[in-house]
Amino acid sequence: MTDMRYWIWMQLGIGAGADLGAVLDYFETPKGLYDSSVLEWVACEGVSHSSVEKLTNTSLEDADRIIDTCNKNGWQIITFDDSRYPELLKDIPRPPAVLYVAGDINCLKDKLTVAMVGTRKASAYSLKAARYLAKGISDCGAVVVSGGALGVDSASHEGALKGGGITVAVLGCGLGTDYLKANEKLRSDIVAKGGALITEFPPYTKADRTTFPIRNRLISGLSRCVIVVEAAQKSGSLITAEDARRQGRDVFAVPSSIFDPAFQGTNKLIDEGAYVATGPAAVVNRYKDEYYTLNVQNAESMYKISESKYGANAPEQKQLTFDRISETRHSDSERISKAANLTGMSKTVYDALIDDGFTSIDELAAQTGIADSKLNTVLTLLEVKGLIKKTEGERYSKV
């Protein structure tokens, strides 16, 4: 195995998502790149002009600092030539030179890996579908892979964990970054329960609009198949589905209303030949002869999962139909009207809640300055009005 320092140095220089294959074909090893001249760097198709400048200004000491940071935090560094590097990921175009991992990357070994993706602002139908599918797939011994974001991602991770399964979150930022605080507990649970957080971005790299498209190819790359749960006609989830196709992965889509524009993307995937994910069995049965760790006999129907103890404890209690999806969306205007009429402490607390995520009661108390006794009363009133909802860990969000 080549010295880890050179792999990290190379990745810092050529950047995430670079054409690693072209670089290794030309220089054979990261050390070969390091020992070559700038003229040779320029001649390599895999090294861009901006990368030449970055390589020039990056030192092995920069790599040493990253190694030290990972050692102090208990994070693993998995280079491309490491035996622990996931085999599926090696086969994709532009695989990452280095992976940074919190948790156990070996949880992927010999397991069917199923990616689940979808919109952050998902309907109640899609959240329920994601939770139950993930739970059922995990029951069969598969690993659920998603992006750790709100909406469908969170529901997929939570479904796998609730079912006692293992799940992996692929991050669009570096480990240690203060990103999406609302999901901090979820990320901790993923690691604590045998899964992993995986990223190709060095520690403390901030997320931005460029990092997530780069990240998406790893979600599909780590997986044997990708399930798109909810996607409109223009959606980041469709980018992941396209990545999956380029990588030779199977694509599934959850069926839904043909009248709702929020599902135009998933319905289009079905029109184009995606498999229909009607339940865990529809997914795992395709791979029963490939993975000895799969137990397809554990694949329950979505109806049976919804009727189980797990289903009874899930947040959605009402029967969900395609008609009710539209009904749910139309009720938004009524909630907006109620929210506009709030005054006093109710308005203060409501405004303090983030629009796309959960806020803990401690964070609300710090932001509003309202005493806990009064804060609990206000939160209860907002729940009764149907303006907010509560989840595990005393966290609240706008409905």
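See the structure printed just above.
All values reported here derive from a predicted model rather than from experimental measurement. Along each chain, numbering runs from 1 in the same order as the chain's sequence is written. pLDDT decides what is reported in this predicted model: residues at 70 or higher carry local features, side-chain atom pairs at 80 or more are listed and counted, and totals for whole chains, interfaces and linings draw on all residues regardless. For the side-chain quantities, the full set of heavy atoms in the structure was used; hydrogens and water were omitted.

Caption draft 1: Seen up close, the overall build of the protein chain. Numbering of helices and strands runs from the N terminus, with a helix taken as a DSSP run of H or I at least four residues long and a strand as a DSSP run of E at least two residues long. In terms of helices and strands, the protein chain carries 21 helices and 12 strands. Compactness check: the protein chain gives a C-alpha radius of gyration of 23 Å against a globular reference of 21 Å for 399 residues, within 12% of the reference. Summarising its shape, the C-alpha atoms of the protein chain cover approximately 70 × 55 × 35 Å along the three principal directions. Residue exposure (1.4 Å probe, protein chains only): buried if accessible area is under 20% of the type maximum, exposed if over 50%, otherwise partly exposed. Considering the protein chain as a whole, with its 399 residues, one finds that 53% of them fall into the buried category. Looking at the protein chain alone, contacts between residues at least 24 apart form 70% of all its contacts between residues at least 6 apart. Here, Shrake-Rupley sampling with a 1.4 Å probe gives the accessible areas, and only protein chains in the shown set may cover a residue. For the protein chain, the exposed area adds up to about 18400 Å²; of that, 50% sits on carbon and sulfur atoms. Radius of gyration here is computed from C-alpha atoms only, and the compact-globule reference equals 2.2 Å multiplied by the residue count raised to the power 0.38. Contacts: residue pairs with any heavy atoms within 4.5 Å of one another.

Caption draft 2: Region of interest: the pairing of strand β2 (residues 98-103). Among the 6 residues of β2, 5 are classified as buried, and the element is accordingly described as predominantly covered. Whether two strands pair comes down to DSSP finding at least two bridges between them. Pairing of strand β1 (residues 76-79) with β2, which is carried by 4 bridges, proceeds in the antiparallel orientation. Following the sheet pairing, Ile 77 is matched in β2 by Tyr 100. Relative to strand β6 (residues 196-199), β2 runs antiparallel, the two being bridged by 4 bridges. Paired with Val 101 across the two strands is Ile 198, which belongs to β6.

Caption draft 3: Highlighting the sheet that holds strand β3 (residues 113-117). The strand order across the open sheet formed by 9 strands is β1-β2-β6-β5-β4-β3-β7-β8-β9, and the pairing between neighbours is mixed. The open sheet has two free edges, formed respectively by β1 and β9 (275-276), since each of these has just one partner strand. Two strands pair when backbone bridges link them, and β3 and strand β4 (residues 143-146) are joined in this way by 3 bridges, in the parallel orientation. Each bridged residue has a counterpart across the sheet, and for Val 114 the counterpart in β4 is Val 144.

Caption draft 4: Here's a closer look at helix α8 (residues 124-139). With 16 residues, α8 should reach 22 Å at 1.5 Å per residue; the first-to-last C-alpha distance of 23 Å fits that figure. With 14 of 16 residues buried, α8 is to be regarded as a mostly interior element. Once α8 ends, the next one or two residues include Gly 141, with phi positive near 100°. Multiplying 1.5 Å by the helix residue count minus one yields the expected span of that helix.

Caption draft 5: Looking closely at the pattern of salt bridges. Any carboxyl oxygen of Asp or Glu within 4 Å of a side-chain nitrogen of Lys or Arg constitutes a salt bridge here. Scanning all chains against the criterion turns up 17 salt bridges. Note that Arg 224 and Asp 250 form a salt bridge whose closest N and O atoms lie 3.4 Å from each other. One end of the pair, Arg 224, is in the loop between α11 (211-221) and β7 (225-228); the other, Asp 250, is in strand β8 (residues 250-253), and 26 residues separate them in sequence. The pair formed by Arg 224 and Asp 250 is uniform in burial state, with each residue classed as buried. Here Asp 243 ties to Arg 246 by a salt bridge, and the two come within 2.5 Å at their closest N and O atoms. Of this pair, Asp 243 and Arg 246 both sit in helix α12 (residues 236-246), 3 residues apart, which is roughly one turn of the helix.

Caption draft 6: A look at unusual backbone geometry. A positive phi is found at Arg 94, a non-glycine position, where the angle reads about 55°. Summarising the element assignment, Arg 94 is placed in the loop between α7 (87-90) and β2. Look at Arg 94 and you get partly exposed, because its relative accessible area is 42%. The phi dihedral of Tyr 204 falls on the positive side, at around 70°, and the residue is not glycine. Relative to the helices and strands, Tyr 204 is located in the loop between β6 and α11.

Caption draft 7: Spotlight on the state of the cysteines. The criterion for a disulfide is a pair of cysteine sulfur atoms lying within 2.5 Å. Counted by the stated rule, this structure contains 0 disulfides. This cysteine, Cys 225, is not joined by any disulfide, and Cys 140 carries the nearest cysteine sulfur, 12 Å off.

Caption draft 8: Local environment of the environment of Gly 164. The topology assignment puts Gly 164 in the loop between α9 (152-162) and β5 (167-170). Classification of Gly 164 as exposed rests on a relative accessible area of 66%. Considered as a pair, Gly 164 and Asp 104 are 60 residues apart in the sequence and their alpha carbons are 16 Å apart.

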